[in-house]
Amino acid sequence: MATIPEPHEGMTPFESVNFFFHDVADRIGLDDQTRDVLSGTYREIRVQVPIRKDDGGLETVYGYRVQHNGARGPYKGGVRYHPTADLEEVRALASLMTWKTALIDIPFGGAKGGIQVDVSALSSAELERMTRRYMSQVSYIVGEHRDIMAPDVNTNAQTMAWMMDAYGQRAGHTPAIVTGKPVELGGSLGREAATGRGVIMVLDEAVRDAGKQPDDITVAIQGFGNVGSWAARLAASGGYRVVAVSDVRGGIIQSGGLDVAGLIGHVREAGSVVGFSGSDPIGNDELLELEVDVLIPAALGEVITKQNAGEVKAGMVVEAANHPVTPVADQILLDNGVTVLPDILANAGGVTVSYFEWTQNIQQFSWDLDRVNAELGRHMRTAYSQVKRYAAANDVDLRRAAFSLAVERVATAAHLRGYV
Ligand code: NAD
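Residues numbered from 1 in each chain as written. Predicted model: local features only at pLDDT ≥ 70, side-chain atom pairs only at ≥ 80, totals over all residues. Heavy atoms only, no water.

1. A word on the overall build of the protein
Helices and strands together make up the secondary structure of the protein, namely 14 helices and 12 strands. Over its C-alpha atoms the protein spans a radius of gyration of 20 Å, differing by no more than 12% from the 22 Å that the globule rule assigns to 420 residues. Taking the principal axes of its C-alpha atoms as reference, the protein extends roughly 55 × 55 × 45 Å. In the protein, which comprises 420 residues, the proportion classed as buried is 58%. (Helix = DSSP H or I, 4+ residues; strand = E, 2+ residues; numbered from the N terminus. Rg over C-alpha atoms; globule rule 2.2 N^0.38 Å. Buried < 20%, exposed > 50% of the residue type's maximum accessible area, 1.4 Å probe, protein only.)

In structure tokens form, the structure reads like this:
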């Protein structure tokens, strides 16, 4: 049996995700050969993406697509545009997709893409040219039954529309090559809200299990993009008191509870949560240490670390972002009795409705919103109760329970195929 290294703060994101993988591989007695395969990636591509600038100049950036494991179905995962989106980060995010799709039990493998770029410096036309170039560079390894893309940080439905169009120029009309695209182009109703909706669905389950009501609960959310803003909106409409939120420009707090609908209007005009009337400013780091019942990191990875984990006062952390807690911080939270709803469970609503979107595209048949949300609820609640039951039966925390279930499913599929 392989021995796993002690976690430390110098681990790369991929090493961190693999720390959790190896930890559960030990517990479930996974053989070393299967462990070797599942802790590596199947295929990685790095592409050069020259961007023709509006002023006629040329800027060259690099993009990645990593396919981690395809035992359970076509590779599936979003594309992130961010200066930190290097190969190690994309590998980590791709592996999380393998475990997430297995846990939520949809027939996909795991992949992720990224371009290492600061989008704040690009015009819309430059973004479009970069997106089309990236898609045409990676088009040789993706496909509607091979690898399907979706939005992530700094990408959205418009990005997916450009990708679909660029791919279609080579392969013909192929809406199922991307999910999270505009509804007018075959996107699914409910996809935009799906990750945030799934976050609140599992929070509801955990709150009910704790014998509490939403109106007993205060919530702080880091990140107010697609996931954070929908989580805030659905938390508020579900009766929770959302007291603090933040984005890349800073945070705000209102202890009586923020008017989230009003805040969304403010963000539309001001481009940030900062300056919302009736709220007080707070720092992004301060938000993570607030006296609230529930903390929802919904921005970037590795925001709860060895440095600040001991300062987290929330009794529950719901990981809407991918990999927001380092392994060392995870142990500190565990020792302090903080319940962590892990990313591969909590934010799986997005890929679940992406699966519904892909299914609708393949069948050329649209579902109504009630059906999408009902099926999403069924998947989220089933996964939540399986994780809870596994944790109780095996005396492990929810992250180890979630990883154990996922790793067992992927290993079974890989063995059945004869791949390992
Ligand atoms: P987004 O680009 O729509 O929003 C990101 C938000 O984070 C923005 O409000 C941005 O201002 C904020 N932010 C960026 N840097 C920050 C910082 N240093 N401090 C505080 N806030 C910061 O991205 P998204 O799609 O909402 O994704 C957010 C997280 O959720 C990511 O970790 C992503 O991988 C994860 N996720 C997204 C989806 C999806 O369907 N979009 C699905 C699963 C998981």
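2. With respect to the environment of arginine 43
One can find arginine 43 in strand S1 (residues 43–52). The class for arginine 43 is partly exposed, based on a relative accessible area of 29%. The spacing of arginine 43 and histidine 68 is 25 residues in sequence and 6.8 Å in space, taken between C-alpha atoms. Not counting the four nearest positions on each side in its chain, arginine 43 is found in contact with Arg65, Val66, Gln67, Ile141 and Arg146. (Contact = heavy atoms within 4.5 Å.)

3. Considerations on the packing of helix H12 (residues 349–363) against helix H13 (residues 369–394)
Their axes nearest at 10 Å, the elements H12 and H13 cross at an angle of 130°. By the angle between their axes, H12 is oblique relative to H13. Between H12 and H13 the crossing geometry is right-handed. In contact with Gly349, Thr352, Val353, Phe356 and Gln360 of H12, H13 contributes Val372, Glu375, Leu376, His379 and Met380. (Axes fitted to C-alpha atoms, helices over the stretch in contact; angles between N-to-C directions. Parallel < 35°, antiparallel > 145°, perpendicular 65-115°, else oblique. Left-handed = near helix turned anticlockwise from the far one by under 90°.)

4. Comments concerning the packing of aromatic side chains
Under the criterion given, the structure shown has 9 aromatic pairs. Ring centres of phenylalanine 108 and tryptophan 358 lie 5.1 Å apart, and the angle between their planes is 70°; this geometry places the pair in the edge-to-face category. Taken together, the positions of phenylalanine 108 in the loop between helix H3 (87–103) and strand S4 (110–116) and tryptophan 358 in helix H12 put the pair 250 residues apart, joining distant regions of the chain. Here phenylalanine 108 matches tryptophan 358 in class, with each residue buried. Ring plane angle 45° and centroid distance 5.9 Å describe the contact between tyrosine 355 and phenylalanine 356, whose orientation is recorded as tilted. (Phe/Tyr/Trp six-rings, centres within 6.5 Å; stacked < 30°, edge-to-face > 60°.)

5. Some remarks on the sheet that holds strand S7 (residues 241–247)
Spatially, S9-S8-S7-S6-S10-S11-S12 is the arrangement adopted by the 7 strands of the open sheet, whose pairing is mixed. For this open sheet the edge positions go to strand S9 (280–282) and strand S12 (339–341), each flanked by a neighbour on one side alone. Averaged over all neighbouring strand pairs, the angle between strand axes comes to 20°, with direction disregarded. In the sheet, strand S6 (residues 218–222) pairs with S7 via 5 bridges, with the strands oriented parallel. (Pairing = 2+ DSSP bridges.)

6. Some details on the site of the ligand
Inspection of the region around the ligand gives 23 residues, with Asp152, Asn154, Thr195, Ala299 and Asn322 positioned closest. A distance of 2.7 Å is found between an oxygen atom of the ligand and a side-chain nitrogen or oxygen belonging to threonine 195. Separating an oxygen atom of the ligand from a backbone N or O atom of alanine 299 is a distance of 2.7 Å. Computed on the free molecule, the ligand has an accessible area of 830 Å², of which 84% lies beneath the protein chains in the complex. For the shell around the ligand, the secondary-structure elements that each account for two or more residues are helix H6 (191–209) and helix H7 (226–237). (Near = heavy atom within 4 Å. Polar contact = N/O pair within 3.5 Å; in protein donor to acceptor, adjacent residues only side chain to side chain. Areas by Shrake-Rupley, 256 points an atom, 1.4 Å probe, with all protein chains shown as cover.)

7. Brief notes about the nonpolar core
Within the largest apolar cluster, 89 residues are counted, with the highest numbers of intra-cluster contacts made by Trp99, Ile200, Ile221, Val245, Ile296, Val318 and Leu341. With 11 residues, the top contributor of residues to this core is helix H14 (residues 398–417). Listed in part, the 26 residues of the second largest apolar core include Val61, Met130, Met149 and Ile177. (Core = buried A, V, L, I, M, F, W, Y, C linked by side-chain atoms within 4.5 Å.)

8. What about the layout of surface pockets?
Size it by volume and the second largest pocket reaches roughly 330 Å³. Tyr42, Gly70, Ala71, Tyr75 and Tyr419 are the residues nearest the centre of the second largest pocket, which is lined by 16 residues in total. Here the lining of the second largest pocket is built from residues that sort into 6 nonpolar, 7 polar and 3 charged. (1 Å grid on protein atoms, 1.4 Å probe; cavity = no way out; pocket = protein on both sides within 12 Å on 5 of 7 lines; lining within 4 Å. Points joined across faces, edges and corners; volume = space filled by probe spheres on them. Nonpolar A, V, L, I, M, F, W, Y, C, P; charged D, E, K, R; others polar.)

9. A short note on helix H4 (residues 124–138)
Under the 1.5 Å per step criterion, the end-to-end length of H4 is 21 Å for 15 residues, consistent within 8% with the ideal 21 Å. Three or more residues of H4 are buried, namely Glu126, Leu127, Met130, Thr131, Tyr134, Met135 and Val138. Down the axis of H4, the smallest arc covering the buried residues is 160°, so these residues share one side. In this structure, the buried side of H4 is in contact with S1, strand S2 (58–69), strand S3 (75–81), S4, strand S5 (147–151) and helix H5 (157–171). (Expected span 1.5 Å × (residues − 1). Arc of directions from axis to C-beta.)

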